[in-house]
Amino acid sequence: GMPIGIIHHCTSVKRGLEFVRSGSMLIGDMPFGSYEYEDTDVALRNAYRFVKEGGCDAVKLEGGSKARANTAQKIVDGGVAVMGH
């Protein structure tokens, strides 16, 4: 699973962005262990948590392997924007 504290921090930052009306995007940095699965549905569920619970506009993944590209594609196909690093 994913540490609940990360989602809490995202909601706090989102509230701050809305308060100052910055127009900035909030990108959720998916932690190690939240998307490195053969079953890409796990990664998609975790990405949905960042968007639905955390108020994020996109998620960020690390890595450049074919498996990571497949995971990113699954998340994008699910309607969540992905940034790579």
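What counts as what
- Residues numbered from 1 in each chain as written.
- Predicted model: local features only at pLDDT ≥ 70, side-chain atom pairs only at ≥ 80, totals over all residues.
- Heavy atoms only, no water.
- Pairing = 2+ DSSP bridges.
- Helix = DSSP H or I, 4+ residues; strand = E, 2+ residues; numbered from the N terminus.
- Axes fitted to C-alpha atoms, helices over the stretch in contact; angles between N-to-C directions.
- Polar contact = N/O pair within 3.5 Å; in protein donor to acceptor, adjacent residues only side chain to side chain.
- Contact = heavy atoms within 4.5 Å.
- Right-handed = clockwise from strand over helix to strand, strands pointing away.
- Salt bridge = Lys/Arg side-chain N within 4 Å of Asp/Glu carboxyl O.
- Buried < 20%, exposed > 50% of the residue type's maximum accessible area, 1.4 Å probe, protein only.
- pLDDT = per-residue confidence, 0-100.

Caption draft 1: Molecular detail of the sheet that holds strand S1 (residues 27-29). Strand order in this open sheet of three strands is S1-S2-S3, and the pairing throughout is parallel. Where the open sheet ends on each side, the last strands, each with one partner, are S1 and strand S3 (81-84). Within this sheet the neighbouring strands show an average axis-to-axis angle of 30 degrees, counted without direction. Of the strand pairs in this sheet, S1 and strand S2 (residues 58-61) are connected by three bridges, and their pairing is parallel.

Caption draft 2: Quick peek at the side chain of Lys-60. Here Lys-60 lies in strand S2. At 3.3 Å, the side chain of Lys-60 forms a polar contact with the side chain of Asp-29. There is a polar contact of 2.6 Å between the side chain of Lys-60 and the side chain of Glu-62. Here Lys-60 is in contact with Ile-27, Gly-28, Asp-29, Met-30, Met-83 and His-85, once residues within four sequence places are set aside.

Caption draft 3: Here's a closer look at the pairing of S3. With four bridges connecting them, S2 and S3 associate as parallel partners. Considered in S3, the bridge of Leu-61 is made with Gly-84. Taking the sense of rotation as the criterion, the β-α-β connection linking S2, helix H3 (residues 66-77) and S3 turns out right-handed.

Caption draft 4: Representation of the pattern of salt bridges in the model. Using the criterion set out here, one finds five salt bridges in the structure. As a salt-bridge pair, Lys-60 and Glu-62 come within 2.6 Å of each other at their nearest N and O atoms. Assessed through its relative accessible area of 15%, Lys-60 is described here as buried. Under the relative-accessibility criterion, Glu-62 is labelled partly exposed at 34%. Here the residues in one salt-bridge network are Asp-29, Lys-60 and Glu-62, joined through shared partners.

Caption draft 5: Spotlight on the confidence of the model for the protein chain. With 98% of its residues at a pLDDT of at least 70, the protein chain reaches an overall mean of 91. Summarising per-element confidence for the protein chain, the mean pLDDT is lowest in helix H1 (residues 4-20) (88) and highest in S2 (96).

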